[in-house]
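As a plain string of letters, each chain reads:
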Amino acid sequence: MHTIDFALRAFVPGAQDSEFPLQNLPYGIFNTARAPRPRVGVAIGDQILDLAAAAQAGLLVSVSADALLQPTLNALAALGRARWTALRAELAALLQEGSPLATYPQATQLLVPQAEARMHLPFAIGGFTDFYASENHAYNCGCLFRDPANALPPNWKHIPIGYNGRASSVMLGGAPVVRPNGQLPGKEGPSWGPTQSLDFELEIGVFIGRDTELGQPLPVAQAQDAIFGVVLLNDWSAREVQRWEYAPLGPFQAKAFHTSISPWVVPLDALQPFRVALPPQQPTVLPYLQQAQRHSYDVQLSVSLQPGTADRATPISCSNLQHLYWSFEQLIAHHTGSGCNLRVGDLLGTGTISGTDHDALGCMLEMTRNGQEPLHLLTGEARRFLEDGDTLRFSAQAHQGGIRIGFGELCSTVAPAVAYPQG
Ligand SMILES: O=C(O)/C=C/C(=O)CC(=O)CC(=O)O
Ligand SMILES: [Ca+2]
Ligand SMILES: [Mg+2]
């Protein structure tokens, strides 16, 4: 792990007061009108350091320009943790105050304003698995979808429940989220049409940075080294479709139409100062899930909702990455426990992260009790579920000693359903 000293400062003006200070250094894929080839960059303040250009200029030696002049982070991640650590140390040295880069004649060509860049999906995503790792969320869903007396399924505290999600529809935030059509349950049987209960789910996405062998479980103690970094993830959901289709194989089209992620992949190293111990698990889990120093991270997760007709957003949730029952490492140990292999670029969603307070719930299903208790926005409007034109913004931040490690923004707007050919 490579934690960057909190006393160090970046030479880029404003960086230390931004969510991308020297201690963060998230990776992303960007291009500009002047240099249209998508390539690897690292966010620093309101700028992007062009890593491919820096390597070509001889300023980086831990990683070749080949791995950086790529339209995805897969090649960089595939180099393995030792090289991620070396690159992070080099970047911290290069971007700190007093670095020769601050006065390097071509520095302005290596630093690109984020405002001039277009961001791209960070990884070629081969697989997307969505877990269900927050106890408050699982309990609330159990009450609303099933039986309040037995809200948590009997397996829930033994097994990190997940389902194989859809990788092809994982999109960068900003792409319009078209309201899906689906089978809508009704008293007279199902009908076909646009969902009337479009929801979001506040999650963190974990990007896998190494291939595991088919047939070879990755032990929980080694799982952390397989994590390249994390992003914000919105698992858009059509609730009545979900409720009708999910038994017995789990969610399918209700969650397959679109998943949004944020563009900057925050290295797990950047979150180490924010580690928090997770409480002992009761009942005791099976040995392959037992982890010494089980932990999550103190990262605040915020959501706001802005109707298309409104000029301001209403904060609707403030949750925290601490509210997980299963650690990232336990999710990975379980995923590979059967011998199922993970590959570089695979994405694991934590599942919706809800706290116990009403203002810490991670989806509208919970906030409105499945549409029964509308949410009142600052603009005077009310919402049971999302309407066309609504914009959802997720953000995530960890704070310590005046330093703020942020994830950037995940922002998407709901677009009307497409007319589906009838008959
Ligand atoms: O409890 C259920 O039947 C389903 C719950 C979900 O919709 C959650 C799911 O996608 C996993 C998660 O986000 O926690
Ligand atoms: Ca989900
Ligand atoms: Mg989804």
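This one's a predicted model, so the numbers in the text were calculated from it and none came from an experiment.

### Some points on the UniProt feature "active site" (unreviewed entry) in the protein
- Per the UniProt annotation, the sites labelled "active site" (unreviewed entry) are H137.
- Locating H137 in the fold gives a position in helix α6 (residues 135–145).
- Classification of H137 as buried rests on a count of 28 C-beta atoms within 10 Å.
- Once you skip the residues sitting within four places of it in the chain, H137 turns out to touch G351, T352, I353, S354, G362 and E366.

### Notes on the site of ligand 1
- Every one of the 14 residues lining ligand 1 counts as a neighbour, but Y132, C141, E201, G351 and T352 are closest to it.
- When residues in the shell around ligand 1 are grouped by element, the largest group, three residues, is from α6.
- Split into classes, the residues belonging to the shell around ligand 1 amount to five nonpolar, four polar and five charged.

### A word on the nonpolar core
- Ranked by internal contacts, the top residues of the largest apolar core, which has 116 residues, are V42, I44, L49, L51, L95 and L232.
- Element by element, the count of residues in this core is highest for strand β14 (residues 227–235), at six residues.
- Mapping this core onto the domain boundaries places at least three of its residues in each of domain 1 (15–120) and domain 2 (128–415).
- Leave out the neighbours within four places in its chain, and L95 touches A10, F11, V12, L22, I44, L49 and L101.

### A closer look at the sheet that holds strand β4 (residues 111–113)
- Strand order in the open sheet formed by five strands is β4-β3-β2-β1-β5, and the pairing between neighbours is antiparallel. Whereas interior strands pair on both sides, the edge strands pair on one side only; in this sheet they are β4 and β5 (117–120). Put simply, the sheet's adjacent strands are angled 50 degrees from each other on average, direction ignored.
- Both strand β1 (residues 27–32) and strand β2 (residues 39–44) contribute to a ladder of four bridges, which runs antiparallel. Among the inter-strand pairings, F30 is bridged to a residue of β2, identified as R39.

### Topic: helix α10 (residues 328–337)
- Counted residue by residue, α10 has nine buried out of 10 residues, so it is predominantly covered.
- Of the positions making up α10, those classed as buried are F328, E329, Q330, L331, I332, A333, H334, H335 and T336.
- Taken together, the buried residues of α10 touch β6 (128–131), β13 (202–208), β14 and β22 (347–349).
- Phi turns positive one or two residues past the end of α10, at G339, with a value near 105 degrees.

### Here's the deal with the sheet that holds strand β21 (residues 314–320)
- Sheet architecture is open: five strands sit in the order β9-β26-β25-β20-β21, paired in mixed fashion. Pairing within the sheet leaves two strands with one partner each, and these edge strands are β9 (177–178) and β21.
- The sheet contact formed by β9 and strand β26 (residues 403–415) spans two bridges and is parallel. For V177, the partnering residue across the bridge sits in β26 and is V414.

### Side note on the UniProt feature "binding site: substrate" (unreviewed entry) in the protein
- Within this structure's numbering, the places UniProt gives as "binding site: substrate" (unreviewed entry) are Y132, R146, Q242, Y246 and T352.
- On the secondary structure map, R146 appears in the loop between α6 and β7 (162–164).
- The class for R146 is exposed, based on 12 C-beta atoms found within 10 Å.
- Summarising the element assignment, T352 is placed in the loop between β22 and α11 (364–367).
- Sequence-distant contacts of T352, defined by excluding residues within four places in its chain, comprise S134, H137, E201, L202, E203, G362 and C363.

### Structural notes on the domain arrangement of the protein
- The domain boundaries assigned to the protein delineate domain 1 (15–120) and domain 2 (128–415).
- Here the C-alpha centre of domain 2 lies 29 Å away from the C-alpha centre of domain 1.
- Listed by partner, the interface residues are 20 residues for domain 1 and 21 residues for domain 2.
- Among the elements of the structure, β1, α3 (74–78), α4 (81–95) and β5 are those that each provide at least two residues to the side of domain 1 that touches domain 2.
- For the side of domain 1 that touches domain 2, the per-class residue count stands at 11 nonpolar, six polar and three charged.

### Examining α6
- Turning to α6, its buried residues number three or more, namely N136, H137, A138, N140 and C141.
- Buried residues along α6 sit against α11.

The rules behind each value
- Residues numbered from 1 in each chain as written.
- Chains lettered and ligands numbered in written order.
- Predicted model: local features only at pLDDT ≥ 70, side-chain atom pairs only at ≥ 80, totals over all residues.
- UniProt positions renumbered as here; feature names shortened; annotations may be inferred.
- Helix = DSSP H or I, 4+ residues; strand = E, 2+ residues; numbered from the N terminus.
- Buried ≥ 20, exposed ≤ 12 C-beta atoms within 10 Å, placed from the backbone.
- Contact = placed C-beta atoms within 7 Å.
- Near = placed C-beta within 6 Å.
- Nonpolar A, V, L, I, M, F, W, Y, C, P; charged D, E, K, R; others polar.
- Core = buried A, V, L, I, M, F, W, Y, C linked by C-beta atoms within 7 Å.
- Domains from an automatic or database assignment.
- Pairing = 2+ DSSP bridges.
- Axes fitted to C-alpha atoms, helices over the stretch in contact; angles between N-to-C directions.

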